[in-house]
Amino acid sequence: MLHFFKNNFLIPTFVFFILLLDGSVMTMLSYSLGSEKFQISPQFTLIVITLLAVYLINDSKIFLVSIIIGFIYDAYYSSILGVNLFLFPMIVILTRAVIKKFPMNFYTIWLWILIVYTVYTHFIYALYYLIDIHSSSYYYFLSQNYIPSLLFNAFLGFIFIWLIQKLVIWFEK
């Protein structure tokens, strides 16, 4: 019974709780920063999906989880349904392609997380700008949102690499 649960429900449940943690930390950071001009957007879900794509052996499991979590992420956080439903599986596909081409160690995985975060954030900014959901300038986006969030998510990625690696090792035993 434990083996069945571990194989079928552990990873999706873990990623779902990470998705909920994403919003909780975002709310907590908004209140704690108060009247500061910059905004920090944690991307726990993006980091975890990227790391699971690196460490999990089963391609179809993480791909399916990324589709489901992308839909839930869009329904819960985003104002456009389908953006993360498309982006999260694309991140899995790109990550799988990159790990086949480059040697993966702690620092290359960390660098890949930063690249994925940068491309993801800029894609979301460009999409929201094109459909006029926000009208902030690119400079404002870089200085007030992207750079503080990049530093915060770089720190998260640094910690999560070890955590997800240990989780996947336990999961695949």
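Residues numbered from 1 in each chain as written. Predicted model: local features only at pLDDT ≥ 70, side-chain atom pairs only at ≥ 80, totals over all residues. Heavy atoms only, no water.

1. Some remarks on the pattern of salt bridges
Part 1: With the rule as written, the count across this model stands at one salt bridge.
Part 2: Close ionic contact of Asp59 with Arg96 constitutes a salt bridge, the shortest N to O distance being 2.9 Å. Here Asp59, found in helix α4 (residues 59-76), pairs with Arg96, found in helix α5 (residues 83-101); they are 37 residues apart in sequence, far enough to count as distant.
Part 3: The class of Asp59 is partly exposed, set by a relative accessible area of 39%. (Salt bridge = Lys/Arg side-chain N within 4 Å of Asp/Glu carboxyl O. Helix = DSSP H or I, 4+ residues; strand = E, 2+ residues; numbered from the N terminus. Buried < 20%, exposed > 50% of the residue type's maximum accessible area, 1.4 Å probe, protein only.)

2. What about the UniProt feature "transmembrane region" (unreviewed entry) in the chain?
Part 1: Under the feature "transmembrane region" (unreviewed entry), the UniProt entry names residues 14-34, 46-73, 79-99, 111-131 and 151-171.
Part 2: Between the C-alpha atoms that bound residues 79-99 there is a distance of 32 Å. The span itself is 81% helix and 0% strand.
Part 3: With 95% helix and 0% strand, residues 111-131 has end C-alpha atoms that lie 30 Å from one another. (UniProt positions renumbered as here; feature names shortened; annotations may be inferred.)

3. A word on α4
Part 1: In a regular helix each residue adds 1.5 Å, so 18 residues correspond to 26 Å; α4 covers 26 Å between its end C-alpha atoms and thus fits that length.
Part 2: By the burial criterion, the buried members of α4 are Ile62, Val65, Ser66, Ile69, Gly70, Tyr73 and Asp74. The buried residues of α4 occupy an angular sector of 160 degrees when the element is viewed end-on, so they sit on one face.
Part 3: Residues of α4 that are buried make contact with α2 (10-33), α3 (44-55), α5 and α6 (106-130). (Expected span 1.5 Å × (residues − 1). Arc of directions from axis to C-beta. Contact = heavy atoms within 4.5 Å.)

4. Side note on the environment of Met104
Part 1: One can find Met104 in the loop between α5 and α6.
Part 2: When the C-alpha atoms of Met104 and His122 are compared, they prove to be 25 Å apart, with 18 residues separating the residues in sequence.
Part 3: Sequence-distant contacts of Met104, defined by excluding residues within four places in its chain, comprise Val98, Ile99 and Ile109.

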